[in-house]
Amino acid sequence: MDPVQSIIEIAGPLLLGLACGALFRKFVYPRILARMGVFASWVTSAANTWVLVGHLCIALGVAAACHASNAVATLMWLHEHLPAPPFALTQELLHGFFLGATFFSGYYLAMFPSSGSEEAQAGTV
């Protein structure tokens, strides 16, 4: 695979995820927090940030495992460890998982709180 094509393949879904996450955080997230009322403190807590870190790590792990450079090894590992998959595991399917995981990596990065005061203001809106 051409290095430029590989960079575009990674940067495209990552930037799309960053844009979608930033738009969600700017326009939808404050409305959700306002409707939650008292329970908004649960969403803006530090524990929720650690859950977001966990989701980001999982998405990065899936993206790394499903990238074209690791697809054959991942397929071999899956065929060894899965008893009988209900669908055919192919490199195209892994490529789809790679694109989805790359998108969600960007989305989760955009969802990180930028400051404590921003979270406090969003919870009181």
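Residues numbered from 1 in each chain as written. Predicted model: local features only at pLDDT ≥ 70, side-chain atom pairs only at ≥ 80, totals over all residues. Heavy atoms only, no water.

Participant: Tell me about the overall build of the chain, residues and numbers included.
Facilitator: For the chain, the count of helices and strands is six helices and zero strands. Listing each helix as α and each strand as β along the chain from the N terminus yields α-α-α-α-α-α. Counting across all 125 residues of the chain, residues that qualify as buried make up 26%. Residue pairs in contact within the chain that sit at least 24 positions apart in sequence constitute 72% of those at least 6 positions apart. Accessible surface, the chain: about 8,100 Å² in total, of which carbon and sulfur atoms supply 73%. (Helix = DSSP H or I, 4+ residues; strand = E, 2+ residues; numbered from the N terminus. Buried < 20%, exposed > 50% of the residue type's maximum accessible area, 1.4 Å probe, protein only. Contact = heavy atoms within 4.5 Å. Areas by Shrake-Rupley, 256 points an atom, 1.4 Å probe, with all protein chains shown as cover.)

Participant: Tell me what's going on with the packing of helix H3 (residues 46-66) against helix H5 (residues 91-111), and back it up with residues and numbers.
Facilitator: Running from N to C, H3 and H5 point in directions that differ by 150°, and their axes come no closer than 8 Å. Classified by the angle between their axes, H3 and H5 sit roughly antiparallel to one another. H5 is crossed by H3, and the crossing has left-handed handedness. Each of Leu52, His55, Leu56, Ala59, Leu60, Val62, Ala63 and Cys66 in H3 lies in contact with H5, whose residues at this interface are Leu94, Phe97, Phe98, Ala101, Thr102, Ser105, Tyr108, Leu109 and Met111. Along the lines of polarity and charge, the residues of the contact of H3 with H5 split into 14 nonpolar, three polar and no charged. (Axes fitted to C-alpha atoms, helices over the stretch in contact; angles between N-to-C directions. Parallel < 35°, antiparallel > 145°, perpendicular 65-115°, else oblique. Left-handed = near helix turned anticlockwise from the far one by under 90°. Nonpolar A, V, L, I, M, F, W, Y, C, P; charged D, E, K, R; others polar.)

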